[in-house]
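So you can see what is in the structure, the chains are spelled out below.
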Amino acid sequence: MSLLTRRAFLRIGLGTLLAAIAGPLFYRWLRSSAGGSGVSVASIPALPTDGGMQPAPVPLPDSLPPRGGGAKGSFRIYTVTEMPIFTADNWTFQVDGMVDRPNRWNWESFLRMSRDNQVSDFHCVTGWSVYNCTWEGIPLARMLEEAGVQPGATAVKCYSGDGVYTDALTLEQAGMPDVMVAVLLDGKPIPPELGGPVRLIVPKMYAYKSVKWLNRIELIDHDHTGYWEERGYSANAWVKT
Ligand SMILES: Nc1nc2c(c(=O)[nH]1)N[C@H]1C(S)=C(S)[C@@H](COP(=O)(O)O)O[C@H]1N2
Ligand SMILES: [Mo]
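Residues numbered from 1 in each chain as written. Chains lettered and ligands numbered in written order. Predicted model: local features only at pLDDT ≥ 70, side-chain atom pairs only at ≥ 80, totals over all residues. Heavy atoms only, no water.

Asker: I'm lost on the side chain of Asp 186 in this one. Help?
Answerer: As for its placement among the helices and strands, Asp 186 is situated in the loop between strand S9 (180-185) and strand S10 (188-189). Although Asp 186 is buried, it makes no salt bridge; Lys 188 carries the closest opposite charge, 6.7 Å away. Within the local environment of Asp 186, its side chain forms a polar contact with the backbone nitrogen of Ala 71, the two atoms lying 2.7 Å apart. (Helix = DSSP H or I, 4+ residues; strand = E, 2+ residues; numbered from the N terminus. Buried < 20%, exposed > 50% of the residue type's maximum accessible area, 1.4 Å probe, protein only. Lys, Arg positive; Asp, Glu negative; His and termini not counted. Salt bridge = Lys/Arg side-chain N within 4 Å of Asp/Glu carboxyl O. Polar contact = N/O pair within 3.5 Å; in protein donor to acceptor, adjacent residues only side chain to side chain.)

Structural data, given as structure tokens:
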């Protein structure tokens, strides 16, 4: 996978690529209606063990075996663009904007940041959920603390490496302890279909806040309307219980 250039990716095509990632798994492509329309894959019975990034992240002892016992339910795969594929050679992550210490990582340096894990449920506003996900990653609050958020910053804008999808959290929302810049799910690297190598997780909110292929966090002093919020969804996406 790491040898695959973008041109080769386009030539080979997404179906073949998914087949290569998934091996014998059968992917069914669907179109969904709202809150994540675009391409959708019905279900992934098992996650690929290799997210395609080398070196692979080493799971914490309570991520593998997953302390949540393994996610229950199936993710639908949503993307509003062609699915972006990253390798350790072309992936970077940055925190910038209104911070005292802007930073940029490559995959290797990113993996040196210490990680936590959590067990949480994942809810799409269209009505499907995946329960007991064991996510491992860097709590966003810690990342922001290390960056030194400047007075006057009010929101955290999250960018997807797909170049199109964004979302934002208020500084207060971003400080919730379970908001995580996630790197592993159930002890395995997050596969590209699920937004790997790194995606945001905001368990208390609907999953359109959980930006896939997250590669930039910018501190800003104004509101930002995210991709689905531009299309009518609420910026305050609290999961109703
Ligand atoms: N970059 C990006 N992030 C995204 C989306 C997307 O289309 N592109 N869809 C959102 C929505 S509506 C949902 S429900 C979840 C779906 O996550 P999954 O594709 O891993 O199941 O991702 C969210 N983050
Ligand atoms: Mo969604």
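Asker: I would appreciate a short explanation of the pattern of salt bridges in the present structure.
Answerer: Side chains that carry opposite charge are capable of pairing whenever their charged atoms lie near each other. Following the criterion strictly, the structure yields nine salt bridges and no others. When the shortest N-O distance is used, the salt bridge between Arg 115 and Glu 136 registers 2.8 Å. Taken together, the positions of Arg 115 in the loop between helix H3 (107-110) and strand S5 (116-123) and Glu 136 in strand S6 (residues 129-139) put the pair 21 residues apart, joining distant regions of the chain. One exposure class covers both Arg 115 and Glu 136, and it is buried. As a salt-bridge pair, Asp 178 and Lys 204 come within 2.6 Å of each other at their nearest N and O atoms. With Asp 178 in the loop between helix H5 (171-174) and S9 and Lys 204 in the loop between strand S11 (199-201) and strand S12 (214-220), this residue pair connects regions lying 26 residues apart in the sequence. A relative accessible area of 15% places Asp 178 in the buried class. Within this structure, Asp 96, Arg 216 and Glu 218 form a network of salt bridges that share partners.

Asker: Explain the pairing of S12 to me, please; I cannot follow it from the model alone.
Answerer: A large share of S12 lies buried, amounting to six of its seven residues. Here four bridges tie strand S3 (residues 92-97) to S12, and the two strands are oriented parallel to one another. Opposite Val 95, over in S12, you have Ile 217 as the bridge partner. Here strand S7 (residues 155-160) pairs with S12 via six bridges, running antiparallel. The residue of S12 that forms the bridge with Val 156 is Leu 219. (Pairing = 2+ DSSP bridges.)

Asker: Looking at this structure, I do not really get the environment of Thr 126. What am I missing?
Answerer: Within the secondary structure layout, Thr 126 lies in the loop between S5 and S6. With 81 residues separating them in the primary sequence, Thr 126 and Ala 207 have C-alpha atoms 9.7 Å apart.

Asker: I keep staring at the pairing of S7 and nothing clicks. Help me out?
Answerer: Every regular strand shows the same layout, with side chains that alternate between the two sheet faces. Extensive coverage of S7 is indicated by the burial of six of its six residues. Of the two faces of S7, both are covered, the one formed by Ala 155, Lys 157 and Tyr 159 as well as the one formed by Val 156, Cys 158 and Ser 160. Sheet analysis places S7 next to strand S8 (residues 166-170), joined by five bridges and oriented antiparallel. Paired with Val 156 across the strands is Leu 169, a residue of S8. Linking two consecutive strands that pair antiparallel, namely S7 and S8, is a turn of five residues; a positive phi of about 85 degrees is found at Gly 163 within it.

These figures capture arrangement, not role.
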